[in-house]
Amino acid sequence: MIYCNITNVTERRLSKMTKLQVIGEISPDFAQILTEEALDFVESLVQQFSARREKLLRRREERQEQINNGVMPAFLPETESIRNSDWTIALVPDHLQDRRVEITGPVDRKMMINALNSGANVFMADFEDANSPSWNNMIQGQVNLRDAINRTITYDSPDGKHYQLNEKVATLFVRPRGWHLEEKHVLFDGKPISASLFDFGLYFFHNAKQLIANGSGPYFYLPKLESHLEARLWNDVFIFSQRELGIPLGTIKATVLIETIFAAFEMDEILYELREHSAGLNCGRWDYIFSFIKKFRNKPDFILPDRSVITMTVPFMRSYSLLAIKTSHRRNAHAIGGMAANIPVKDNSQINEDAFAKVRIDKEREARDGHDGTWVAHPGLVPVALEVFNHFMPQPNQIEKKLEDIQITAEDLLQVPEGHITEQGLRTNISVGVQYLESWLRGKGAVPIYHLMEDAATAEISRAQVWQWLHNPNGILHDGRKVNVQLFDQFLEEELEKIKIMVGHDQYEIGKYQLASDLFKHLSLSHEFVEFLTIPGYHYL
Ligand SMILES: CC(=O)SCCNC(=O)CCNC(=O)[C@H](O)C(C)(C)COP(=O)(O)OP(=O)(O)OC[C@H]1O[C@@H](n2cnc3c(N)ncnc32)[C@H](O)[C@@H]1OP(=O)(O)O
Ligand SMILES: O=CC(=O)O
Ligand SMILES: [Mg+2]
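Cut-off values and rules
Residue numbers here run from 1 along each chain, matching the order of that chain's written sequence. To label them, take the chains in the order written and letter them from A, then take the ligands in the order written and number them from 1. Totals for whole chains, interfaces and linings use every residue, but because this is a predicted model, local features are given only for residues with pLDDT of at least 70 and side-chain atom pairs only at 80 or more, for both listing and counting. Computation of side-chain values: all heavy atoms of the structure, hydrogens and water removed. Each helix is a run of DSSP H or I of at least 4 residues and each strand a run of E of at least 2, with the numbering of both proceeding from the N terminus. Between the two quantities, the radius of gyration covers C-alpha atoms and the globule rule is 2.2 Å times the number of residues to the power 0.38. For each residue, the accessible area found with a 1.4 Å probe, counting protein chains only, is set against the maximum for its type, and the residue is called buried under 20%, exposed over 50%, and partly exposed in between. Throughout, a contact is declared for two residues whenever any of their heavy atoms are within 4.5 Å. Areas reported here follow the Shrake-Rupley algorithm with a probe of radius 1.4 Å; residue values treat only the protein chains shown as occluding. The criterion for strand pairing is that DSSP finds at least two bridges linking the strands in question. Place the viewer so that the strands point away; then a crossover is right-handed whenever the path from the first strand over the helix to the second strand goes clockwise. Residue proximity to a molecule or strand is established when one non-hydrogen atom of the residue lies within 4 Å of it. Residues adjacent in sequence count toward polar contacts only when both atoms are side-chain atoms; beyond that, a polar contact is any pair of N or O atoms within 3.5 Å, and within protein one must be able to donate a hydrogen and the other to accept it. Polar here means any residue outside two lists: the nonpolar Ala, Val, Leu, Ile, Met, Phe, Trp, Tyr, Cys and Pro, and the charged Asp, Glu, Lys and Arg; Gly therefore counts as polar. An arc is given here, and it is the one of the directions from the helix axis to the C-beta atoms. Here the bounds of each domain stem from an automatic or database domain assignment. Using a 1.4 Å probe, buried area is obtained as the accessible area two parts lose upon being combined, added over both of them. A side-chain nitrogen of Lys or Arg and a carboxyl oxygen of Asp or Glu constitute a salt bridge if their distance falls within 4 Å. Any two of the Phe, Tyr and Trp rings considered here, Trp counted by its six-membered ring, make a pair once their centres fall within 6.5 Å; the pair's planes then place it as stacked at under 30 degrees, edge-to-face at over 60, or tilted in between. Criterion for a charge above a ring: Arg CZ or Lys NZ at most 6 Å from the ring centre, at most 35 degrees from the ring normal.

### Side note on the overall build of the protein chain
When you go through the protein chain residue by residue, the secondary structure sums to 21 helices and 15 strands. Its C-alpha atoms give the protein chain a radius of gyration of 22 Å, within 12% of the compact-globule value 24 Å for 541 residues. Seen through its C-alpha atoms, the protein chain measures out along the principal axes to roughly 65 × 60 × 50 Å. In the protein chain, buried positions account for 60% of the 541 residues. A separation of at least 24 residues holds for 77% of the contacts in the protein chain among residues at least 6 apart in sequence. Of the roughly 21500 Å² of accessible surface on the protein chain, a fraction of 52% belongs to carbon and sulfur atoms.

Next up, the structure:
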């Protein structure tokens, strides 16, 4: 639904002949975020950087074309000197030296308080994978962040529980939406503006000075970058923004998620572009798998097995994570690990124990390999990750571990994992994809499904695999059946029936299952691969 209330703020802006228009609903709370000054700042970012963003998005398409024509990603010859010369990123502040456990979660008010109180070193407040970008979620999220930074945030749940911040809270990082997304409720010259500039701009404008006064700073996670030129764009946004607000250059710090195959080939260059603002790299494993499927989708020999067998220990994933550690440490940067999808299970102690054991093994591998910290999805997992990192990393980080003996080649990064495509794998992808979309369409961007954390990145894997198995001649089930439209239709119908029984008829009818199923079908069957599920999905928010 698009709200069309032209509000006081917008009217005043129109009278100033500005080109930025807000067409989303503005409640009194939201008006405190969408102030004239804040919108002027966003407008200046949009004016300054939109054309470059659009050019870089076109470059993504060109690179896809190149892959389709047989040119595989490679370490760039034109930036060899950056890879081969000695330089390091600027020193990060003391309070960013120890990042052993980082909790992530959407910008929901209650969850933010829980995350900040969780005992983790860092909380990444997520406008991206864990968030469904409805107008309400986006602006309420900004309200919540401002209140958290002012330490006035509280929440009273319907069941009477009161939430407030502890004395000591996690250091806040914010993940704005990626370069590919737009904010349709704010128009510039009549066109939706960049969601990244909108999320970043509002957060930075309202909070940067207060964060500095609190002894912290404006810290960011940057998602889904596909090249060092996209990192350069962020860096220029940072320089411009700090100048505009009169904040010393280098105050902003940002950790880049290496979660696309192209970014894996440009880790040094990404760190170099952001060297005055860098807070290292992170292995965004779920989007990385998605990117691998997406970019090589048209190559018959790049067919991937069931999602459940593409773990961090398969060769291409392990190579990528070791390269992230080696590259970061050479530049004195942190290399943060990723998210194990297992979460606590309340009603089954055996499954719960298994989940904790799986998370522990994952964190142990990361700590042993040399990661300087890791991500957890749930407050209940903070102690597990803490214990592992305290054991393997008694010091604040292990940047001194340089991994000089590790050599990762392009072939290592491009090695296709082995394994089977099974009927269960196909059914699970369909079921998870539909259930996740249903939740996302209702405004919830992270959900537990079959005891795993599902968010936009994990759901992208499910739907991209279904597309690939349908469209690739090698999309053949272990029992010899080709994945085709008929099989897909049959499984979709059967999985929907199972979901209906699981959630109950009433819930099914109230929910958005039919729309989710239609959207999933469109994503799976469309002739051209849809770049991100969030793009067509956003039409329905
Ligand atoms: C691929 C990637 O990008 S990973 C990063 C993005 N993804 C995420 O951040 C996912 C974050 N995790 C979550 O959203 C949640 O843990 C879920 C959806 C997976 C599970 O949520 P729930 O089913 O609500 O978990 P559960 O019922 O066990 O929660 C127990 C309590 O912990 C809280 N909680 C759970 N996860 C989190 C979290 N990540 N941050 C803060 N609080 C949390 C719940 O709000 C609840 O609080 P309450 O007891 O005060 O009511
Ligand atoms: O953002 C994290 C990921 O794994 O994707
Ligand atoms: Mg991601």
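Still to come is the rest of the account.
### Re the pairing of strand E3 (residues 122–126)
Burial analysis of E3 places five of its five residues in the buried class, the great majority of the element. Relative to E3, strand E2 (residues 101–106) is paired through five bridges, and the arrangement is parallel. Residue pairing across strands places Pro106 opposite Asp126, the latter belonging to E3. Note that the unit made of E2, helix H5 (residues 109–116) and E3 has a crossover that is right-handed. Where E3 lies against strand E6 (residues 171–175), five bridges are found, and the strand directions are parallel. The residue bridging Phe123 from the neighbouring strand is Leu172, located in E6.

### So, the site of ligand 2
What surrounds ligand 2 is the set Asp129, Arg175, Leu257, Glu259, Gly284, Arg285, Trp286, Asp287, Trp375 and Ala457. Residue Arg175 places a side-chain N or O atom 2.7 Å away from an oxygen atom belonging to ligand 2. A distance of 3.1 Å is found between an oxygen atom of ligand 2 and a backbone nitrogen or oxygen belonging to Arg285. Compared with its free state, where it exposes 190 Å², ligand 2 has 97% of that area covered by protein. Tallying contributions element by element places helix H11 (residues 285–295) first for the shell around ligand 2, with three residues. Its residues assigned to classes, the shell around ligand 2 shows four nonpolar, one polar and five charged.

### What about helix H14 (residues 382–392)?
Turning to H14, its buried residues are Val382, Val384, Ala385, Val388 and Phe389. Each buried residue of H14 sits inside an arc of 165° when the element is viewed along its axis, so together they form one side. Against the buried residues of H14 lie E2, helix H13 (349–369) and strand E13 (373–376).

### A closer look at the domain arrangement of the protein chain
The domain boundaries assigned to the protein chain delineate domain 1 (28–413) and domain 2 (423–539). The centre of domain 1, based on its C-alpha atoms, is set 26 Å off from the matching centre of domain 2. The interface of domain 1 with domain 2 comprises 41 residues on the first partner and 38 residues on the second. At the boundary of domain 1 with domain 2, total buried surface from both sides reaches about 3300 Å², with 61% on carbon and sulfur atoms. When residues of domain 1 are sorted by the area they lose upon contact with domain 2, Phe290, Arg297 and Arg307 head the list and together hold 22% of the total. Along the contact surface separating domain 1 from domain 2 lie two salt bridges. Counting across the interface, domain 1 meets domain 2 through 17 residue pairs in polar contact (both at pLDDT 80 or more). Sorting the residues of the side of domain 1 that touches domain 2 by element identifies strand E7 (182–188) and H11 as the ones contributing at least two each. With six residues, the single largest contributor to the side of domain 1 that touches domain 2 is H11.

### Focus on the packing of aromatic side chains
In total, this model carries 28 aromatic pairs according to the counting rule given. Aromatic pair Trp135 and Phe198: ring centres 6.0 Å apart, planes at 25°, arrangement stacked. One end of the pair, Trp135, is in helix H6 (residues 135–149); the other, Phe198, is in helix H7 (residues 195–213), with 63 residues separating them in the sequence. Relative to Phe520, the ring of Phe488 lies with its centre 6.2 Å away and its plane at 20°, an arrangement referred to as stacked. On the criterion of sequence distance, the pair formed by Phe488 in helix H18 (residues 485–503) and Phe520 in helix H20 (residues 513–525) is long-range, its members being 32 residues apart. Summarising the burial analysis for this pair, Phe488 and Phe520 share the class buried. The lysine or arginine in question, Arg63, covers the ring of Phe262, its NZ or CZ lying 4.1 Å from the ring centre. Directly above the aromatic system of Phe491 lies the positively charged group of Arg427, at a separation of 3.9 Å from the ring centroid.

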